[in-house]
Amino acid sequence: MEEQSTQEPDLLNAERDVQREWQDQCTYEVSENSTRPKFYCLTMFPYPSGQLHMGHVRTYTLGDVIARFQRLKGKNVLHPIGWDAFGLPAENAAIKRNIPPAKWTRENIESMRGQMQRLGFSFDWSRELATCDPEYYRWEQWFFTRIFKKGLVYKKSAWVNWDPVDQTVLANEQVIDGRGWRSDAPVERRELEQWFVKITDYAEELLGYLDKLDGWPEKIKLMQRNWIGRSEGVEMTFPQEGGQGISVYTTRPDTLMGATYVAVAPQHPLALQAAKSDAALADFLEQCNRVKVAEADIAKLEKLGMWTGQTVSHPLTGEPVPVWVANFVLMEYGSGAVMAVPGHDQRDWEFANKYGLPITQVVKPVEGSDEPCDIGGGAYVSKNGVLVNSGEFDGLDFDGAFNAIADALEKKGLGERQVNYRLRDWGISRQRYWGCPIPIIHCNKCGPVAVPEQDLPVLLPTDVEFDGVGSPLKKMPQWYETTCPECSGDAVRETDTFDTFMESSWYYARFASSKSEAAMLDERTDYWGPVDHYVGGEEHAILHLLYARFFHKLMRDEGLVDSDEPFEKLLALGMVLKDGVKMSKSAGDAGDPQHLLDTYGADAIRMAMMFAAPPDQSFEWSDHGVESAARWLKRLWNTVEEHLAQGDVPEIDKQNLTDEQRDLRRVTHETLAKADDDFGRRIAFNTVVSAVMSLMNQVHKFEDNSPQGHAVKREALNVAVLVLSPITPHICHVLFDRINGASIDEAIWPAVDEEALARTVVEVVVQVNGKVRGRMEVPPDTAREEVEGIARTLDNVDKYFDNKTIRKVIFVPNKLVNFVVS
RNA sequence: GCGAAAGUGGCGGAAUUGGUAGACGCGCUGGAUUUAGGUUCCAGUACCGAAAGGUGUGAGAGUUCGAGUCUCUCCUUUCGCACCA
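Residues numbered from 1 in each chain as written. Chains lettered and ligands numbered in written order. Predicted model: local features only at pLDDT ≥ 70, side-chain atom pairs only at ≥ 80, totals over all residues. Heavy atoms only, no water.

### Some points on the sheet that holds strand β21 (residues 440–443)
In space, the 4 strands of this open sheet follow the order β22-β21-β24-β23, with antiparallel pairing throughout. Edge positions in the sheet fall to β22 (447–450) and β23 (481–483), since each of these pairs with one other strand and no more. The sheet shows a mean angle of 40° between the axes of neighbouring strands, direction not considered. In the packing of helix α6 (residues 134–149) onto the sheet, contacts are made with β21 and β22, and the angle to β22 comes to roughly 130°. (Pairing = 2+ DSSP bridges. Helix = DSSP H or I, 4+ residues; strand = E, 2+ residues; numbered from the N terminus. Axes fitted to C-alpha atoms, helices over the stretch in contact; angles between N-to-C directions. Contact = heavy atoms within 4.5 Å.)

### Overview of the confidence of the model for chain A
The predicted coordinates of low-pLDDT regions are not to be read in fine detail. When pLDDT is averaged along chain A, the result is 93, and 97% of the positions lie at 70 or above. With pLDDT under 50 throughout, residues 1–6 is counted as low confidence; its partners more than four residues away or in other chains account for 0 contacts. Counting interchain partners and residues more than four positions distant, the pLDDT-below-50 stretch residues 581–589 has 7 contacts. (pLDDT = per-residue confidence, 0-100.)

### Topic: the protein's contact with RNA strand B
Near RNA strand B lie 73 residues; those nearest to it are Ala612, Arg631, Arg635, Lys674 and Arg775. When atoms of RNA strand B within 4 Å of the protein are split into backbone and base, the sugar-phosphate part holds 60%. Here Leu88 contributes a backbone N or O atom positioned 2.9 Å from a phosphate oxygen of RNA strand B. Here the element with the most residues in the surface near RNA strand B is helix α23 (residues 686–701); it accounts for 6 residues. (Near = heavy atom within 4 Å. Polar contact = N/O pair within 3.5 Å; in protein donor to acceptor, adjacent residues only side chain to side chain.)

### Topic: helix α3 (residues 54–72)
Here α3 is 19 residues long and its end C-alpha atoms lie 26 Å apart, about the 27 Å a rise of 1.5 Å per residue gives. Within α3, 19 of the 19 residues are buried, which leaves it mostly tucked inside the rest of the structure. Just downstream of α3, Gly74 is the residue with a positive phi angle, here 90°. (Expected span 1.5 Å × (residues − 1). Buried < 20%, exposed > 50% of the residue type's maximum accessible area, 1.4 Å probe, protein only.)

### Regarding the pairing of strand β11 (residues 246–250)
With respect to burial, β11 is a largely interior element, 4 of its 5 residues being buried. Two elements, strand β10 (residues 231–238) and β11, share 5 bridges in a ladder whose sense is antiparallel. Bridging across to β11, Thr237 finds its partner in Ser247.

### Considering helix α22 (residues 659–682)
Listed in full, the buried residues belonging to α22 are Gln661, Leu664, Arg665, Arg666, Val667, Thr668, His669, Thr671, Leu672, Ala675, Asp678 and Phe679. Each element contacted by the buried residues of α22 is listed here: α3, α23, α24 (707–724) and α26 (754–757). Phi for Ile683, located one or two positions after α22, is positive at around 50°.

### Concerning the side chain of Gln708
Within the element layout of this structure, Gln708 appears in helix α24. Among the polar contacts listed, one links the side chain of Gln708 to the backbone nitrogen of Asp653, at a separation of 2.9 Å. When sequence neighbours within four positions are dropped, the list of residues in contact with Gln708 reads Pro650, Glu651, Ile652, Asp653, Leu657 and Gln661.

### Focus on the environment of Leu473
With respect to the helices, strands and loops of the structure, Leu473 is situated in the loop between β22 and α14 (477–480). Look at Leu473 and you get buried, because its relative accessible area is 0%. Through-space distance from the C-alpha of Leu473 to that of Ala758 is 72 Å; in sequence the pair is 285 residues apart.

### Some remarks on the packing of α24 against helix α25 (residues 729–740)
The N-to-C vectors of α24 and α25 enclose an angle of 150°; their axes lie 9 Å apart at closest approach. Taken as axis vectors, α24 and α25 run roughly antiparallel relative to one another. As α24 packs across α25, the resulting crossing turns out to be left-handed. Touching Arg714, Leu717, Asn718, Val721, Leu722 and Leu724 of α24 are Cys732, Leu735, Phe736, Ile739 and Asn740, all from α25. Among the residues forming the contact of α24 with α25, the class breakdown is 8 nonpolar, 2 polar and 1 charged. (Parallel < 35°, antiparallel > 145°, perpendicular 65-115°, else oblique. Left-handed = near helix turned anticlockwise from the far one by under 90°. Nonpolar A, V, L, I, M, F, W, Y, C, P; charged D, E, K, R; others polar.)

### Some points on unusual backbone geometry
Put simply, Leu456 and Pro457 share a cis peptide bond, and its omega is 0°. In this fold, Pro457 is placed in the loop between β22 and α14. The residue after Gly529, namely Pro530, is reached through a cis peptide bond having omega -10°. Not every positive phi belongs to a glycine, and Asn389 is a case in point at roughly 50°. Tracing the backbone shows Asn389 in the loop between β17 (386–387) and α13 (398–412). On the basis of relative accessible area, Asn389 is assigned to the exposed category, the value being 52%. Positive phi values are uncommon outside glycine, yet Lys515 reaches one of about 65°. You can see Lys515 is positioned in the loop between α15 (507–512) and α16 (523–528).

### Focus on the sheet that holds strand β15 (residues 337–340)
With mixed pairing, the 4 strands of this open sheet are ordered in space as β13-β14-β12-β15. Looking at the sheet topology across the chains shown, the edges are occupied by β13 (305–313) and β15. Taking each pair of neighbouring strands and ignoring which way they run, the sheet shows an average axis angle of 30°. Relative to strand β14 (residues 320–326), strand β12 (residues 261–264) runs parallel, the two sharing 3 bridges. Each residue of the ladder has a partner; that of Val264, found in β14, is Val325. Taken strand by strand, helix α10 (residues 279–288) contacts β13 and β14, and its axis lies near 115° from that of β13.

### Focus on the packing of helix α20 (residues 602–612) against helix α21 (residues 624–644)
Their axes nearest at 8 Å, the elements α20 and α21 cross at an angle of 115°. The two elements α20 and α21 meet at a crossing, and its hand is right-handed. Contacts between α20 and α21 involve Asp603, Ala604, Ile605, Met607 and Ala608 on the former and, on the latter, Gly625, Val626, Ala629, Ala630, Trp632 and Leu633. Among the residues making up the contact of α20 with α21, the classes are represented as 9 nonpolar, 1 polar and 1 charged.

### Re the nonpolar core
Within the largest apolar cluster, 178 residues are counted, with the highest numbers of intra-cluster contacts made by Met520, Met555 and Phe679. Membership of the second largest hydrophobic core comes to 39 residues, among which are Tyr380, Phe393, Ile405 and Ala406. (Core = buried A, V, L, I, M, F, W, Y, C linked by side-chain atoms within 4.5 Å.)

### Looking at the packing of aromatic side chains
As enumerated under the stated definition, the model contains 38 aromatic pairs in all. Between Phe801 and Phe819, the ring centres sit 5.2 Å apart and the planes meet at 70°, which makes this aromatic pair edge-to-face. With Phe801 in the loop between α28 (795–798) and β32 (806–812) and Phe819 in strand β33 (residues 816–821), this pair connects stretches of sequence that are 18 residues apart. Phe819 matches Phe801 in its accessibility class, with the two residues each being buried. Here the aromatic cluster, defined as three or more aromatic residues joined through ring pairs, consists of Phe45, Tyr507, Tyr508, Phe511, Tyr534 and Phe567. The positively charged end of Arg549 is found above the aromatic ring belonging to Trp216, 6.0 Å away from the centroid. (Phe/Tyr/Trp six-rings, centres within 6.5 Å; stacked < 30°, edge-to-face > 60°. Lys NZ or Arg CZ within 6 Å of the ring centre and 35° of its normal.)

Spelled out as structure tokens, the structure:
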């Protein structure tokens, strides 16, 4: 046993030696002074939650593989890392364990940085930043004051989840079954004045530029398009005598003659007004306000409504139309009211049926259509029909009716055509302590005033007491009491902090201008930007990626960056699921890679993780693969050492190789070509691992002790080590040095020897009626006639021709021949 | 509810442009080595069938000489839904 263990390669010690070398030599620190083309590889920075989980391991390994591959391809690679350090969990920890959020966050950063270094990620640590550093957030505050002065920021009231016991605003995830997570009190909706940034001013541009993002997955672009939700419709008013009337937006003005009621949100002014004199309605509105503000929760509710007792007039017929409150109408979206056409909208149809409201059919399928025309069983929602029961508009199709009705409304001054977006302005106020203070001073005389540049940053005090009731900032008059920068009168600071998406919307640019003290960003950001490859979880497909794109355009319009989009290419990763882990007994730390690191090492974890699934796919992680990866790596090490022990090798004499030597060379160069394509274009690393495994299987079978045999084998081993090095950098660092006496950090990805790829025979499949009946080997590019001729004579093939006629022969060169018989 | 995607052996997955389904690995089975266990090495392993052969990529339909791949319907799972990050 003793004897065996001393012969085994010590992967763990080798990893530590290599990591020490990287650290001592600052191997991955980069500068802008390089003749190599730049490549900015960025992986979404983590929230410092405490320790890494397998999702982090996957994300950062994938990013590291890309960075290391691009270095091998001769690029000057920026690969930075930092910490998305503000946020809710630090406050929760502060309440639970009585640790100040700053301390808790710093300690988490320390331990996660250690784990990242132990995993061998090739980060440029000199550029590390945390968003809770005043040196970072001061520039965010500075930038905010710039866009504030530009008029891109405004205040309006918005609804939040309010915990009446803890006197605190709750995040959606803190509301569980309608109750506060700590107090268990039923939540209430509350209206608060909040800051918004006008992302809708950029809606058209954010939408249009999606078409130019060739390096983004189609599905992400589609989700963003749908999120922005551009539509063309008509904004119209249902007038009310003695009132303002109700404004609604519709994309289906063609169905206006079928509008039989109007539905408003429970927070709509008309509903609130009506409830003053209607106790039952007031009750209903209160009930609606007990649901948390998340759209998904509202949409899942049973559809409930109540008549407000009010009517408005139909804009074209003047007929009275009842106004209902409906719990599924969102106040945040549009005007908070919709016209209901139960004949042609399924949700309206169900609502009308439930409450006995009239359903009128105003569109019917065209003659000869096979669409069902009866609306007794459900709404007819197709736009392919023609109008009926619509007076002068009868007989018009969708476009005709859309235009005629829009014209009629415009003529009456009750409506106009409008382009609408589903996208809403970005609410950036949070009633939280652990965030970046919003640099605004409220003055009774001057109103809200931006903090002047020389007074920035507005520092977040870190000596705070946490009791879980409200934000500590609101209890610190010594902090919020100040003077107005304009009139010098008494004034108070804004006590809300920024949404943490603010910090994560520009960190990629700051990494490039690392540590710049004179400016938010400098010319180095133009050198490195835009990010060439951005890697991160698919859960960020919309919010983070949309806000960052928006912020980039804001920075561009301030002259801070010279590009239109921040991220050239995007890799949206699937989730690492852990249901199996949850069921295991070691649930507490099963997601923590530490014990795997201590037992098997970084390379084994990295290899197992990359081999487990392609990057864009979600999968359930299991520790099993790590042990077998470690075993495989040890075998690789042993194979290389045994080979080296046999001495030096001659040059390969390409013209005089045996068939076996040619075969091994072909597999070697096929592996090289495939790895190049998989790393660089397909971003599929699991197949790189299997290709190298296959190559090594060939090497193990290769028994040729001639000098040329050794030379061919050495080439194979060298390619295996080089190709695998982005995934398992430590062992490959050691083995590359053992084989070549040189550092792999200086190595350049070799060219494929096209000659080595040539085959002397190819296999052609013979099918009869699409079923495989035989195979044959022929020289490459053998002519159709010849292949067909041989195929017909094959034993297993010609018997299918008995009593049949060959109707057709399909021929795919070098692949197959298919006889269609009957 | 709305938007987006995924579904292939016992398991993770491969099949890149519509052209041999199951590469590679795990697990399992058998063998060699070992006092034994483990390790290591070798062989086998989609399913049914004695074989010939047949069946097979969530279910059902369709297009095609040919479908895991394209189209439609349905089922299930995952992600997002604006205060988790």
